[in-house]
Every structure is written in structure tokens, then in C-alpha cells.
Amino acid sequence: MSDSKSFVNFSCQRCLQPLNLDESLNNLDEHTIADLTLQIRRNNEVDLDMQSTSLEHYVPPFRMSESGNGINGFMVISDGWETASLGHQLHVKATLFDLLSNNSDVDHPLCDECTDSLLEIMDGQLKQTEAEWKDYNDYLKKLEDDKEDLNLEGLEKELDDWKQEQSRLLQELSSLQKEERAMKEEIDVQEREKERLEKEQDVYWREYTRYRKDLMTIEEQMKFYECQLAYTQSQLEKLKKTNIFKATFHISDSGQFGIINNFRLGRLPSAPVDWSEINAAWGQTVLLLSSLARKISFNFQRYRLVPYGNHSYVEVLDDQKVLPLYGSGGFRFLWDTKFDAAMVAFLDCLQQFKEQVEKGNTGFCLPYRIDKGKIEDTASPPHAYSIKIQFNSEEHWTKALKYMLTNLKWALTWISSQFSEDKAEGQ
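All residue numbers here refer to positions counted from 1 along the written sequence of the relevant chain. Whole-chain, interface and lining totals are the exception, using all residues; otherwise, since this is a predicted model, local features are given only for residues with pLDDT of at least 70 and side-chain atom pairs are given and counted only at 80 or more. Hydrogens and water molecules were not included; the side-chain quantities draw on all heavy atoms of the structure.

A. Summary view of the state of the cysteines. Pairs of cysteine sulfur atoms within 2.5 Å are what we label disulfides. Scanning the model with the defined rule gives zero disulfides in all. Cys 114 takes part in no disulfide bond, and the closest cysteine sulfur, belonging to Cys 111, lies 3.3 Å away. Residue Cys 114 is classed as buried on the basis of its relative accessible area, which comes to 12%. With a 1.4 Å probe rolled over the protein chains alone, any residue whose accessible area is under 20% of its type maximum counts as buried; one over 50% counts as exposed, and the rest are partly exposed.

B. Representation of the pattern of salt bridges. Only one rule defines a salt bridge in this text: a Lys or Arg side-chain nitrogen within 4 Å of an Asp or Glu carboxyl oxygen. All chains considered together, the criterion is met by 13 salt bridges. Taking the shortest distance from any N to any O, the salt bridge between Asp 161 and Lys 157 comes out at 3.4 Å. Linking Asp 161 with Lys 157, this pair stays in helix α5 (residues 152-241), spanning four residues, or about one helical turn. What makes Asp 161 partly exposed here is its relative accessible area of 36%. Each helix is a run of H or I in the DSSP string that is no shorter than four residues. Each strand is a run of E no shorter than two, and both are numbered from the N terminus.

C. Spotlight on a nonpolar patch on the surface. A cluster of nonpolar side chains, Tyr 204, Trp 205 and Tyr 208, forms an exposed patch at the surface whose accessible area comes to about 340 Å². Here Trp 205 lies in helix α5. Overall, Trp 205 belongs to the partly exposed group, its relative accessible area being 43%. Patch building starts from residues that exceed 30% relative accessible area and form no salt bridge, then joins like charges within 9 Å and nonpolar side chains (Val, Leu, Ile, Met, Phe, Trp, Tyr) within 5 Å. The method behind every accessible area is Shrake-Rupley, applied with a 1.4 Å probe, and residues are considered shielded solely by the protein chains displayed.

D. Structural context of the sheet that holds strand β12 (residues 368-371). A pair of strands counts as paired when DSSP detects no fewer than two bridges linking them. One open sheet holds the three strands; their spatial order is β12-β13-β14, and the pairing between them is antiparallel. Only two strands of the sheet have a single partner each, and these edge strands are β12 and β14 (383-386). The mean angle between the axes of side-by-side strands here comes to 30 degrees, regardless of whether they run parallel or antiparallel. Here, axes are lines fitted to C-alpha atoms. For helices the fit covers the stretch in contact, and angles between N-to-C directions go from 0 to 180 degrees.

E. Fine view of the layout of surface pockets. In this structure, the second largest pocket encloses a volume near 270 Å³. If you trace the second largest pocket, you find 14 residues lining it, with His 108, Pro 109, Leu 110, Cys 111 and Thr 115 closest to the centre. Partitioning the lining of the second largest pocket into residue classes produces nine nonpolar, four polar and one charged. For each structure, a 1 Å grid was placed over the protein atoms alone; sets of points admitting a 1.4 Å probe that cannot get out are labelled cavities, open sets with protein on both sides within 12 Å along at least five of seven lines are labelled pockets, and lining residues have an atom within 4 Å of a point. Grid points are joined across faces, edges and corners, and a volume is the space filled by probe spheres set on the points. Nonpolar residues are Ala, Val, Leu, Ile, Met, Phe, Trp, Tyr, Cys and Pro. Charged residues are Asp, Glu, Lys and Arg, and all others, Gly as well, are polar.

F. Fine view of the confidence of the model for the chain. As a per-residue measure, pLDDT tells how confident the predictor is, with possible values from 0 to 100. Of the residues in the chain, 76% have a pLDDT of 70 or more, and the chain-wide mean is 79. Residue range residues 1-6 is modelled with pLDDT below 50. Its contacts to residues more than four positions away, or to other chains, number seven contacts. Of the regions scoring below 50 in pLDDT, residues 67-86 engages in 23 contacts with residues more than four places distant in sequence or in other chains. In this description, contact between two residues means that some pair of their heavy atoms is separated by no more than 4.5 Å.

G. Highlighting the sheet that holds strand β11 (residues 321-324). A sheet is described by the order of its strands in space; here three strands give the open sequence β9-β10-β11, paired in antiparallel fashion. Looking at the sheet topology across the chains shown, the edges are occupied by β9 (303-306) and β11. Geometrically, the sheet is characterised by an average inter-axis angle of 25 degrees between neighbouring strands, direction not taken into account. The sheet contact formed by β9 and strand β10 (residues 313-316) spans four bridges and is antiparallel. Each bridged residue has a counterpart across the sheet, and for Val 306 the counterpart in β10 is Tyr 313. Its contacts with the sheet put helix α9 (residues 337-358) on β9, β10 and β11, and the angle it makes with β11 is roughly 95 degrees.

H. Expanded view of a negative patch on the surface. For this count, His and the chain ends are skipped, Lys and Arg are scored as positive, and Asp and Glu as negative. Think of each charge as sitting on NZ of Lys, CZ of Arg, CG of Asp or CD of Glu. Side chains of Glu 185, Asp 188, Glu 191, Glu 195, Glu 198 and Asp 202 sit close together on the surface and give a patch of like negative charge. Following the sequence through the fold, Glu 185 ends up in helix α5. Given the relative accessible area of 54%, Glu 185 is considered exposed.

I. Main features of the nonpolar core. Within the largest apolar cluster, 55 residues are counted, with the highest numbers of intra-cluster contacts made by Trp 282, Leu 289, Phe 346 and Met 404. Elements supplying a minimum of two residues to this core: β7 (257-260), α7 (275-295), β9, β10, α9, β12 and α10 (394-426). Looking at which element gives the most residues to this core, the answer is α10, with eleven residues. Ignoring anything within four residues of it in the chain, the contact list for Met 404 reads Leu 265, Trp 282, Thr 285, Phe 346, Leu 347, Leu 350, Ile 375 and Ile 387. Judged by nonpolar contacts, the second largest core, of twelve residues, contains Leu 19, Phe 97, Leu 110 and Cys 111. Residues belong to one nonpolar core when they are buried, are Ala, Val, Leu, Ile, Met, Phe, Trp, Tyr or Cys, and are joined through side-chain atoms within 4.5 Å.

J. Summary view of α7. Taking 1.5 Å per residue as the helical rise, α7 with its 21 residues ought to reach 30 Å, and the 30 Å between its terminal C-alpha atoms agrees with that figure. Counting buried positions along α7 gives 16 out of 21 residues, so the element sits mostly inside the fold. In a helix, the anticipated span is given by 1.5 Å times the number of residues less one.

K. Broad picture of the pairing of β11. In this sheet, β11 lies alongside β10 in antiparallel orientation, the contact comprising four bridges. Looking at β11, one finds that Val 314 is bridged to Leu 323.

L. Highlighting unusual backbone geometry. At Arg 302, a residue that is not glycine, the phi angle is positive and equals roughly 70 degrees. The residue Lys 372 is not glycine, and still its phi comes out positive at about 50 degrees. Among the structural elements, Lys 372 can be located in the loop between β12 and β13 (374-377). Since its relative accessible area comes to 79%, Lys 372 is described here as exposed.

As C-alpha cells, then:
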């Protein structure tokens with residue numbers, strides 16, 4: 001360890017490698033240092049601010065010692081420094097590096113490799129700067145050349161024209177902006193009117209839909225009533241063409257029986273008709289003759305026919321007696337003369353109706369002649385049949401009733417023809 005050497009040196013500020021400084025840096029005198037510091041003087045005055053910050057860029061030396069293992073290398077012993085321990089040459093070098101660092105963007109000292117690299121970078125920046133200076137210089141010359149060729153008066157006049165045009169356009173813009181505001185206000189008014197009209201339209205369509213529905217309902221009802229009217233008119237036409245007597249009373253015969261509205265009038269030993277059917281047939285017969293008399297406005301003398309269903313009767317006007325046109329059968333009934341008197345009175349009424357019709361010279365006649373309770377067949381040889389049930393056979397009584405219904409059928413036919421003619425004349 002006694003052979004080891006110790007010395008102080010500087011390191012590269014970029015790569016931090018130890019530097020071996022040139023010997024010429026040891027012989028700098030005060031005049032040389034003063035010349036190096038001229039670039040930081042301004043107006044023959046020292047830049048105090050620069051000097052005040054010199055210690056911020058001061059490059060401290062460090063002491064190196066050679067390792068004792070025989071290998072060339074260095075080991076940092078201490079990077080501190082004390083002013084009292086530094087020699088004059090070390091202080092001069094440190095001051096020099098500090099001045100260089102203050103006047104440059106790069107800290108010093110630098111090694112050869114870092115210096116070459118830095119010089120290449122600075123050469124590139126210098127070339128780029130020179131190219132930019134050349135471009136700016138060319139453009140400046142071009143501007144100066146163009147300035148000589150410019151017609152300033154024409155340009156000023158054109159500028160005034162453009163200013164006037166600008167003023168005009170600004171006025172037009174102001175006018176257009178006013179119109180735009182007016183249009184926006186008008187649009188707002190129209191929008192509100194549109195909303196109001198849309199609401200009215202909605203109300204209108206709702207009312208229209210309701211009225212349309214009511215109209216469709218009324219039209220359907222009208223069609224229904226028209227159909228009802230057409231049907232009613234058709235029924236009325238049918239009724240006008242219909243003979244009420246023929247529709248109400250239907251007289252026919254079946255064998256020895258005369259039939260009115262499906263009720264047989266009479267009775268035979270071989271066909272004992274029930275008395276309820278006979279009574280119903282007499283009720284229909286009385287109703288028919290009284291209706292025919294009422295049609296021609298004729299009132300019977302001495303009698304009044306009272307249709308009362310299966311209990312119809314003939315009222316004697318002078319005696320206020322009632323003669324029943326219904327029976328119940330039995331032995332006692334056979335000796336009851338009221339039923340026979342009622343049938344004789346009915347024949348008398350039919351004869352009165354015939355005589356009343358014949359007064360008008362209508363040519364009306366009955367096929368069977370009526371005479372005092374008997375009906376006579378005018379065919380050869382003539383034969384009269386009594387309408388009474390006492391002292392008479394059921395065959396003769398039934399035949400007399402059949403002839404009576406035949407006379408009524410003829411009277412019904414004549415009245416129906418007269419009714420049809422009157423109706424045709426009325427139309």
C-alpha cells in the first residue's frame with residue numbers, strides 16, 4: 001500500500017468517465033483567463049448575475065488513487081473538495097470549466113468521444129440553421145422585390161373598395177339578421193297557430209267520428225225502417241187484395257155434412273158429431289150472417305143475432321126472449337123447443353138478408369129457397385127439409401143445415417165480389 005499513488009482529476013460530464021487533462025491547462029495565467037471571460041461582459045461591466053451563478057456550474061475535482069492489486073484502474077476516494085487543499089492549478093482548471101459551462105448549454109469538461117458526438121450534433125444544428133436562414137433570406141428578398149412591383153395606390157383603392165363592400169355586407173347582414181329575427185318570431189306565431197289548428201283538428205275529427213257513427217246508426221235504422229215500411233206496404237197490399245170474409249170464413253162440404261171453419265154442422269147415426277163441435281159451428285154461422293148484414297148496414301126485423309162462440313143465441317125483440325143456438329143432447333134436449341125456435345129464427349134472418357139484397361136489382365139469388373123453417377131443393381123433384389130437430393131425422397136435419405151453409409156461402413161470395421169492386425173503384 002505504500003507504493004500506491006494518489007492524485008486529483010476531473011470526469012466527463014456526459015459519460016462520467018475519468019479525464020486525463022492536457023498539460024497546457026496547467027500553464028494558464030490570469031491574462032488568458034481574463035480573455036476567456038470577455039464574452040460574459042456587457043458594456044465593459046461584469047455580469048454579476050453570471051458570476052453569482054458560477055458556483056452552480058462548478059465542476060468539482062475528485063481524488064483518484066491507484067489500486068494496489070497491480071491492475072490499472074481507479075477508485076473514487078472522495079468527491080468532496082476543500083478550498084484550502086486545492087492547489088492553484090486545480091483552482092484555475094475548475095474556474096475554466098465553470099466559465100465554459102456558463103457560456104454554453106453543455107457542461108464541461110467532456111471526453112474526446114463525447115466532444116466528437118457533440119460536435120456532430122452541433123454541426124447538424126448549424127446546417128439546419130443555415131438552411132432556415134437561407135430560406136428566410138430568399139423569402140425576404142422576394143418580398144422586397146414584390147414590394148417594388150406593387151401598385152400601392154391601386155391596392156389602397158381596392159382596399160377602400162373592399163372596406164366599402166365589407167360595410168355594405170355588414171349592413172346587409174344586419175338587415176338579414178333583423179329579417180331572421182322577424183322570421184323566427186313569425187315562425188313562433190305560426191307554430192302556435194299550428195298547434196291551435198292541430199288541437200281544433202283533433203276536436204273536429206273526434207266530432208266527425210262521433211257524428212259519422214251517429215249517421216251510420218241512423219242510416220242503418222232508416223234502412224231497417226224502410227225495410228219495415230216496404231214489408232208493411234206489401235202486407236197492406238196483400239190485405240187490400242185479401243177478402244176479409246173469405247179469409248175469416250171458409251165454408252165447404254164433406255159428404256152429407258156442411259163444414260164452416262173446419263167445424264161440422266149436423267149429425268148422423270153413422271157419424272155422431274160431438275155437440276161442442278156443433279155449437280162451435282153454429283157460433284161461426286151466426287158470426288158470418290151478422291157480419292154480412294153489418295156490411296150492407298142491414299138490421300134484422302123481430303130478431304137480433306148475438307154471436308157468442310159456442311153459446312151464441314138469437315134474441316126475440318118483441319118478447320125479449322133468448323133463443324139458444326147450442327145444445328147438449330140427451331132426451332130432455334130433444335123435447336126442448338127453444339133450440340128449434342132459434343134455428344127457425346136464424347133461417348128467417350137469412351131470408352130477410354136475401355130479400356134486402358134482392359131489392360137493389362143486383363141479380364142476387366140463393367140456390368135453395370127458404371120457407372117457414374124449411375129449405376127447399378129446387379131440383380127435380382123438389383124436396384123441402386125442415387131445420388128443426390124434433391120430429392125430424394138426423395139425415396134430413398143435417399141436409400137442411402148443409403143447404404143453409406151453401407146459401408151462406410153464396411151470400412159470402414156475393415158480398416166479397418161487391419167488396420172487391422168497391423175497393424177497386426176506391427183505388
